[in-house]
Amino acid sequence: MDYTAQASRLDGLDSLAHLRERFALPGGEDGIYLIGNSLGPLPFAAREIVDQEMDKWAEMGVHGHFSGERPWVSLPESMRDPMAALVGALPHEVALMNSLTVNLHLLLISFYQPTPDRFKILVEDHAFPSDHFVVESQIALRGFDPETALVRVAPAGGETLSSADIIEAIAACGDELSLVLLPGIQYYTGQVLPMAEIAAAAHAAGAKVGFDLAHAAGNIELSLHDWDADFAAWCTYKYLNGGPGSVGGIFIHERYATDTSLHRLAGWWGHELSTRFEMDNTFVPPPTADGWMVSTPATFSTATLVGSLEIFVEAGGMAALRAKTEQLLVFCDQMLDDLVGDKIARITPRELEQRGSQISLEVGGGRGKEVFESMEAAGIYCDWRYPNVIRVAFSPLYNSFSDVERFVSKLAEIVA
Ligand SMILES: *Cc1c(COP(=O)(O)O)cnc(C)c1O
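Everything quoted here is computed from the prediction, not taken from an experiment.

1. Section: the packing of aromatic side chains
Then, number 1: Across all of its chains, the model carries 18 aromatic pairs by this definition.
Then, number 2: Residues F128 and Y187 carry aromatic rings whose centres are separated by 5.1 Å and whose planes lie at 80 degrees to one another, so their mutual orientation is edge-to-face. You can see F128 sitting in the loop between β5 (120-124) and α6 (129-141) and its partner Y187 sitting in the loop between β7 (177-183) and α9 (195-204), a full 59 residues away along the chain.
Then, number 3: Given the relative accessible area of 32%, F128 is considered partly exposed.
Then, number 4: Note on W269 and F277: the rings are 5.9 Å apart at their centroids and 75 degrees apart in plane angle, and the pair reads as edge-to-face.
Then, number 5: A relative accessible area of 34% places F277 in the partly exposed class.
Then, number 6: Taken together through their ring pairs, the aromatic side chains of F23, Y33, Y381 and Y398 make up a single cluster.
Then, number 7: Positioned over the ring face of W292 is R264, at 3.9 Å from the centre of the ring.
Then, number 8: We note R276 situated over the ring of W269; from NZ or CZ to the ring centre the distance is 4.4 Å.

2. Describing the site of the ligand
Then, number 1: Lining the immediate surroundings of the ligand are L100, T101, F128, D131, D212, A214, H215, Y237 and K238.
Then, number 2: A distance of 2.5 Å is found between an oxygen atom of the ligand and a side-chain nitrogen or oxygen belonging to T101.
Then, number 3: The separation between an oxygen atom of the ligand and a polar side-chain atom of Y237 is 2.5 Å.
Then, number 4: For the ligand, the accessible surface in isolation is 390 Å², of which the surrounding protein chains cover 83%.
Then, number 5: For the shell around the ligand, the class distribution of residues is four nonpolar, two polar and three charged.

3. Overview of a nonpolar patch on the surface
Then, number 1: A contiguous nonpolar patch, built from F66, W268, L273, F277 and M279 and spanning about 530 Å² of accessible area, is present on the exposed surface.
Then, number 2: For F277, the location among the structural elements is in the loop between α12 (273-276) and α13 (299-315).

4. Some details on the sheet that holds strand β11 (residues 344-346)
Then, number 1: Spatial ordering of the open sheet is given by β11-β12-β15-β14, a layout of four strands whose pairing is antiparallel. Single-partner strands in this sheet number two, and they are β11 and β14 (383-385). Across the sheet, the mean angle separating the axes of adjacent strands is 30 degrees when strand polarity is ignored.
Then, number 2: Two strands pair when backbone bridges link them, and β14 and strand β15 (residues 389-393) are joined in this way by three bridges, in the antiparallel orientation. Bridge pairing in β15 links W384 to I390.
Then, number 3: Contacts between helix α15 (residues 368-377) and the sheet are confined to β12 (358-363), β14 and β15, with β14 contributing the most and set at about 170 degrees to the helix.

5. Here we look at the packing of helix α2 (residues 44-60) against α13
Then, number 1: Remark: α2 packs on α13, axes separated minimally by 7 Å, with the N-to-C direction vectors making an angle of 140 degrees. As far as their axial angle goes, α13 and α2 are oblique. The element α2 and its partner α13 pack so that their crossing is right-handed. Residue-level contacts link A45, A46, I49, V50, E53, M54 and W57 of α2 to F300, A303, T304, V306, G307 and E310 of α13.
Then, number 2: Here the contact of α2 with α13 is built from residues that sort into nine nonpolar, two polar and two charged.

6. Structural notes on the pairing of β7
Then, number 1: Among the seven residues in β7, seven count as buried, and that is most of the element.
Then, number 2: As paired elements, β5 and β7 share three bridges and run parallel to each other. Pairing of K120 across the sheet is with L177, part of β7.
Then, number 3: Here five bridges tie β7 to strand β8 (residues 208-212), and the two strands are oriented parallel to one another.

7. Side note on α9
Then, number 1: Listing the buried residues of α9 in full gives M195, I198, A199, A201 and A202. Viewed end-on, α9 has its buried residues packed into an arc of 165 degrees, placing them on one side of the element.
Then, number 2: Residue G206 follows α9 closely and has a positive phi angle near 85 degrees.

8. Re the domain arrangement of the chain
Then, number 1: Here the chain is partitioned into domain 1 (3-30 + 317-415) and domain 2 (52-313).
Then, number 2: Inter-centroid distance (C-alpha atoms) of domain 1 to domain 2 is 29 Å.
Then, number 3: Between domain 1 and domain 2, the contact holds 27 residues from the first and 20 residues from the second.
Then, number 4: Note on domain 1 versus domain 2: buried area summed over both sides is about 1900 Å², and carbon and sulfur give 58% of it.
Then, number 5: Summed over the shared surface of domain 1 and domain 2, the number is zero salt bridges.
Then, number 6: Inspection of the region where domain 1 meets domain 2 yields nine residue pairs in polar contact (both at pLDDT 80 or more).
Then, number 7: Ranked by residues supplied to the side of domain 1 that touches domain 2, first place goes to helix α14 (residues 317-340) with five residues.

9. A look at the pairing of strand β9 (residues 231-234)
Then, number 1: Side-chain alternation along β9 places F231 and A233 on one buried face and A232 and W234 on a second face that is also buried.
Then, number 2: Pairing of β8 with β9, which is carried by three bridges, proceeds in the parallel orientation. Opposite F211, over in β9, you have A232 as the bridge partner.
Then, number 3: As paired elements, β9 and strand β10 (residues 248-252) share four bridges and run antiparallel to each other.

10. Some remarks on the layout of surface pockets
Then, number 1: Taken as a whole, the largest pocket holds about 370 Å³ of empty space.
Then, number 2: L100, F128, D131, A214 and K238 are the residues nearest the centre of the largest pocket, which is lined by 26 residues in total.
Then, number 3: For the lining of the largest pocket, the secondary structure elements donating two or more residues are α5 (100-111), β5, α6 and β7.
Then, number 4: In terms of residue class, the lining of the largest pocket is made up of 13 nonpolar, seven polar and six charged.

How each quantity is defined
Residues numbered from 1 in each chain as written. Predicted model: local features only at pLDDT ≥ 70, side-chain atom pairs only at ≥ 80, totals over all residues. Heavy atoms only, no water. Phe/Tyr/Trp six-rings, centres within 6.5 Å; stacked < 30°, edge-to-face > 60°. Helix = DSSP H or I, 4+ residues; strand = E, 2+ residues; numbered from the N terminus. Buried < 20%, exposed > 50% of the residue type's maximum accessible area, 1.4 Å probe, protein only. Lys NZ or Arg CZ within 6 Å of the ring centre and 35° of its normal. Near = heavy atom within 4 Å. Polar contact = N/O pair within 3.5 Å; in protein donor to acceptor, adjacent residues only side chain to side chain. Areas by Shrake-Rupley, 256 points an atom, 1.4 Å probe, with all protein chains shown as cover. Nonpolar A, V, L, I, M, F, W, Y, C, P; charged D, E, K, R; others polar. Patch = residues over 30% accessible without salt bridge, like charges linked within 9 Å, V, L, I, M, F, W, Y side chains within 5 Å. Salt bridge = Lys/Arg side-chain N within 4 Å of Asp/Glu carboxyl O. Pairing = 2+ DSSP bridges. Axes fitted to C-alpha atoms, helices over the stretch in contact; angles between N-to-C directions. Contact = heavy atoms within 4.5 Å. Parallel < 35°, antiparallel > 145°, perpendicular 65-115°, else oblique. Left-handed = near helix turned anticlockwise from the far one by under 90°. Arc of directions from axis to C-beta. Domains from an automatic or database assignment. Buried area = accessible area lost by both parts, 1.4 Å probe. 1 Å grid on protein atoms, 1.4 Å probe; cavity = no way out; pocket = protein on both sides within 12 Å on 5 of 7 lines; lining within 4 Å. Points joined across faces, edges and corners; volume = space filled by probe spheres on them.

In structure tokens, the structure reads:
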């Protein structure tokens, strides 16, 4: 099979191929950037917008908050619609603020309300450390014991969780379950979890449900509102290409977003805008997710995202991007099956509905680090997780079929 020719034919047919030009791709022409699951590359538009806002700061100083093409005070607001569309939310269910871990804490203050009878939080075994620490510390903060209140669900067999594993774990907690906090996509295996099913099971048990979408936002199609999640949070520097430390996103289902009496950690940025600067000490949050904002947004780490989201809109949204992702995955699978075979195991599920852009490869014989280093030396940006997993992600925004071809060919060469 001539995969080089097949890749260029597929690139020729790719209606999103031109978007690659919008990004600064590390490594130049020879580089292959497959690590957008960790930090997306710079969209040139992000740099332009930050430069413009820097100039505005130089020229207008404090007036920049309310003047110019993009008043800083409404910068997060200006991205509400495209952000909501990307996660399948109503616009008033979404806010941009802080960063992911901080937002998980703020959301747990509202959505984890333990009582002596109902106090357990269900997470996955080997959750991303930050998520684990959030939950553990929130449990202790409320005077409960993580030993009994923190419940972990592990795969009954194999590497990935089945729906049954999760549903059974929820059922086993019974009336003691207060909250389910799971990822939309598991960061290590790349598995997509069945979010609608999880939400239904959690609610049936009388618990709340929240999702960490760090690896899902900007990667797969999401329908947070229809799936009936209570809340969700994500970072924007992975698949959403907002840059290191860029502003985080939150979703709060309408039924809570509009409930201004809900318990929260308040700050003046969560006070409704029209009277915020009257400096009255009565807290009045708007009936939207913005009522969870706390302090002045980090303007430059928010402005970068404006430039990035424009490209998602231009691409036609997640449905169009997902269609290309699936083509990239199918092509990659075909090449891996043919050229690498079982020399390298794939821990990401095979079924397309159970995966996003990431493929996690398990290298046998303790050669994981070595294979990773050879990849890096060849200009292929990927990621190695102790002890032997290499993760790559193909972004439909800037990765080509030729990138896939060169990646798998190199991998086959290294493990041969
Ligand atoms: C990337 C990631 C984080 C990072 O959190 P920050 O607060 O942005 O540093 C947290 N949780 C998960 C699951 C992640 O994938």
